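# Observations on chain architecture
The chain contents come next:
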Amino acid sequence: MASSFSRILSSKRRIGVLTFVGGSVTAGLLLHRQHVSAGNPVRRSYPASAEYPDLRQHNNCMATHLTPAIYAKLCDKATPNGYTLDLAIQTGVDNPGHPFIKTVGMVAGDEESYEVFADLLDPVIRERHNGYDPSTMKHPTDLDASKIHSGNFDSRYVLSSRVRTGRSIRGLSLPPACTRAERREVERVVVDALAGLKDDLDGKYYSLTQMTDKEQQQLIDDHFLFDKPVSPLLTCAGMARDWPDARGIWHNNEKTFLVWVNEEDHTRVISMEKGGNMKRVFERFCKGLKEVERLIQERGWEFMWNEKLGYILTCPSNLGTGLRAGVHVKLPLLSKDPRLSKILDNLRLQKRGTGGVDTAAVGGVFDISNLDRLGLSEVQLVQTVVDGVNYLIECEKRLEKGQDIKVPPPPLKQFK
C-alpha cells in the first residue's frame, strides 16, 4: 500500500499544472514527451523478432500499424508504472477483428502510455479519429450548453436522449493496469466528491459489493446496473479483474444524472431522460461534470487531460471529449432505405440497436449517436447529433408522405 501511494505522490511531483482559461476546464496538464521518462527496461530472453505477434489474420487498428520495426523499438520500454507494449496490445492480439466495426486493438494502462508508446498510438489515433494528428494538433474543449440550438426533438420520433463521457483520476493507473489499492482509491476519491453534489444533483452511491437485493433489483429495473464485462475485448485487456471489488453506481434522486465507478474507465458520467429534449440533457451534463471536477479538485486531485489528446481514457477511441450523445429514435421507413448508411456517414453519425453494439433494432428504433470524439468540442459534437437527428426525422416524415429523400453532401475534411 505504501509503495502504491508513494508512486502516486511522485507522479504528482513530476508534472506541472497548466490552467486552461475559459471556465470549462479549470485544471489540465500539458504533457510533453520529454517530460515522461520510461520505467525500467523489460528484461527479455529472446529477441524482439521472436516475440513479435502473429497478426496475419487480424483486422484492427493496432494490427494495421504495428510493424516489426515499431515493435522492436517499443517492446523493451515500460511506463513509470511498469505498463508494457505487450500488455497494451494483448486485447488486439487475442481478438483479431469484429464482425461490424474495426476495433482499436489496444488500450492504455496509464496516462503515460500515450507518450511512451506514441510511435504506435499516434497512427492508431489518426486512423480512428478521422485524421487527427496528436503530434501537431490541439483538442478544443467547450462545455457551454447555451450554444446548442434546435435541441428539442419531435417526441413522436425520439424516445429518449442521453449524453455520456468518461473521466480519469490523475496519478492512478487506468483499469487495465490498476492495482486493487488504486482501484479502491479511485472509488474513495470519486464517492467522496459525489457526496458534495447538491440540489437537483443530490444523490446516493450504490456499491456493487454492498447493495441490498432490493437496491440491486431497482437498479436493474431502471436499466442502470452494469454487469461484469464478458466481452473478450475487455476481459483480455484486464478490466474484469477482482470483480466486483470497488465498483459501483451513483445517481441523483431524479435518476437523470449517473456516474459509474471503475467499469471500463475510472468514471463514466451520464445525463439522460425520456423524450427528446437533448439541450436540457446536455445542460445537466455540463453542469454536473463541472461540479464533479470542482469537487475532485477541492480534494487535491484532478482529471487526466492534456491539450493534444483532451481527456485521457482507457481506450484510444474515447480520447478528446470521450463524449457520446445519443437518442433512441423511431425510423421504421428510413431504416429500410438502402441509402441510410450513406446518410449516416455523411452526417458523421453511427447507429446501433437499442441494446448497444451487436444488438438488433426493434420496431425500427435505433440508437443514433456521434461518430467523432477527438478534435471537435463537446458543443460541436452535440450540435452534430442535433442537426443530424433532425435531418433523419425529416427524412422519415417525407417517406411517410411518399416523397423522396436526399443524401446530404459529405462534410468537409476536418483534419488535413
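Structure first, text after, so check above.
Basis of the calculations
- Residues numbered from 1 in each chain as written.
- Predicted model: local features only at pLDDT ≥ 70, side-chain atom pairs only at ≥ 80, totals over all residues.
- Heavy atoms only, no water.
- Helix = DSSP H or I, 4+ residues; strand = E, 2+ residues; numbered from the N terminus.
- Buried < 20%, exposed > 50% of the residue type's maximum accessible area, 1.4 Å probe, protein only.
- Contact = heavy atoms within 4.5 Å.
- Areas by Shrake-Rupley, 256 points an atom, 1.4 Å probe, with all protein chains shown as cover.
- Phe/Tyr/Trp six-rings, centres within 6.5 Å; stacked < 30°, edge-to-face > 60°.
- Lys NZ or Arg CZ within 6 Å of the ring centre and 35° of its normal.
- Salt bridge = Lys/Arg side-chain N within 4 Å of Asp/Glu carboxyl O.
- Core = buried A, V, L, I, M, F, W, Y, C linked by side-chain atoms within 4.5 Å.
- Pairing = 2+ DSSP bridges.
- Axes fitted to C-alpha atoms, helices over the stretch in contact; angles between N-to-C directions.
- 1 Å grid on protein atoms, 1.4 Å probe; cavity = no way out; pocket = protein on both sides within 12 Å on 5 of 7 lines; lining within 4 Å.
- Points joined across faces, edges and corners; volume = space filled by probe spheres on them.
- Nonpolar A, V, L, I, M, F, W, Y, C, P; charged D, E, K, R; others polar.
- Parallel < 35°, antiparallel > 145°, perpendicular 65-115°, else oblique.
- Left-handed = near helix turned anticlockwise from the far one by under 90°.

Turning next to the overall build of the protein chain. The number of helices and strands found in the protein chain is 13 helices and twelve strands. When burial is assessed residue by residue, the protein chain has 55% of its 416 residues classed as buried. Long-range contacts, defined here as pairs at least 24 residues apart, represent 76% of the contacts in the protein chain between residues at least 6 apart. Accessible surface, the protein chain as shown: approximately 18300 Å² in total, 51% of it carbon and sulfur.

A complete count under the given rule lists five aromatic pairs for this structure. Taking the centre distance of 6.1 Å and the plane angle of 80° together, the rings of Trp250 and Phe257 count as edge-to-face. Under the relative-accessibility criterion, Trp250 is labelled buried at 2%. According to the relative accessible area criterion, Phe257 is buried, its value standing at 0%. Taken together through their ring pairs, the aromatic side chains of Phe226, Trp243 and Trp260 make up a single cluster. The ring centre of Tyr311 lies 3.5 Å from the NZ or CZ of Arg167, which sits over that ring.

This brings us to the pattern of salt bridges. In total, this model carries 29 salt bridges according to the counting rule given. Across the pair Arg294 and Glu298 runs a salt bridge, and its minimum N-O distance is 2.5 Å. With Arg294 and Glu298 both in helix α11 (residues 278–298), this residue pair falls four residues apart, about one helical turn. The exposed category is assigned to Glu298, whose relative accessible area is 52%. Note that Asp367 and Arg324 form a salt bridge whose closest N and O atoms lie 3.2 Å from each other. In this pair, Asp367 sits in strand β12 (residues 365–370) while Arg324 sits in strand β10 (residues 324–330), placing the two residues 43 residues apart along the sequence. With relative accessibility at 7%, the residue Asp367 sits in the buried group. Several salt bridges converge on common partners, so that one network encompasses Asp192, Glu291, Arg294, Glu298 and Arg299.

Turning to the nonpolar core, a few remarks are in order. The biggest cluster of nonpolar side chains holds 60 residues, and the ones touching the most others in it are Met278, Phe282, Leu334, Ile368 and Leu392. When contributions to this core are tallied by element, the ones reaching two or more residues are β3 (158–167), α8 (180–194), β6 (257–261), α11, β10, α12 (340–347), β12 and α13 (378–400). Of all the elements, α13 adds the most residues to this core, at ten residues. Ranked by size, the runner-up nonpolar core spans 37 residues in total, among them Val107, Leu121, Leu174 and Met304.

Further remarks concern the sheet that holds β6. The strand order across the open sheet formed by eight strands is β4-β5-β6-β7-β3-β10-β12-β11, and the pairing between neighbours is antiparallel. Because the sheet does not close on itself, it has two edges, and the strands there are β4 (203–207) and β11 (349–352). Direction aside, neighbouring strands of the sheet carry axes that sit 20° apart on average. Taken together, the four bridges between strand β5 (residues 248–252) and β6 define a ladder with antiparallel strand orientation. By the bridge assignment for β6, Gly248 is matched with Val261. Sitting on the sheet, α8 is in contact with β4, β5, β6 and β7 (267–274), with an inclination near 165° to β6.

On to the layout of surface pockets. One way to see where empty space is left: roll a probe the size of a water molecule over the atoms. For the second largest pocket, the calculated volume is near 250 Å³. Asn346, Leu347, Arg348, Thr384 and Pro411 are, among the 14 residues lining the second largest pocket, the residues nearest its centre. At the level of elements, α12 and α13 are the ones that each hand at least two residues to the lining of the second largest pocket. The element contributing the most residues to the lining of the second largest pocket is α13, with five residues. Residues that form the lining of the second largest pocket fall into these classes: six nonpolar, five polar and three charged.

Attention now moves to the packing of α12 against α13. Helix-helix packing is characterised by the crossing angle of the two axes and by the distance between the axes. It is at 10 Å that the axes of α12 and α13 come closest, and there the two elements cross at 155°. Judged by the inter-axis angle, α12 sits roughly antiparallel to α13. The element α12 and its partner α13 pack so that their crossing is right-handed. Contacts between α12 and α13 involve Leu340, Ile343, Leu344 and Leu347 from the first element and Thr384, Gly388, Tyr391 and Leu392 from the second. The residue makeup of the contact of α12 with α13, split by class, is six nonpolar, two polar and no charged.

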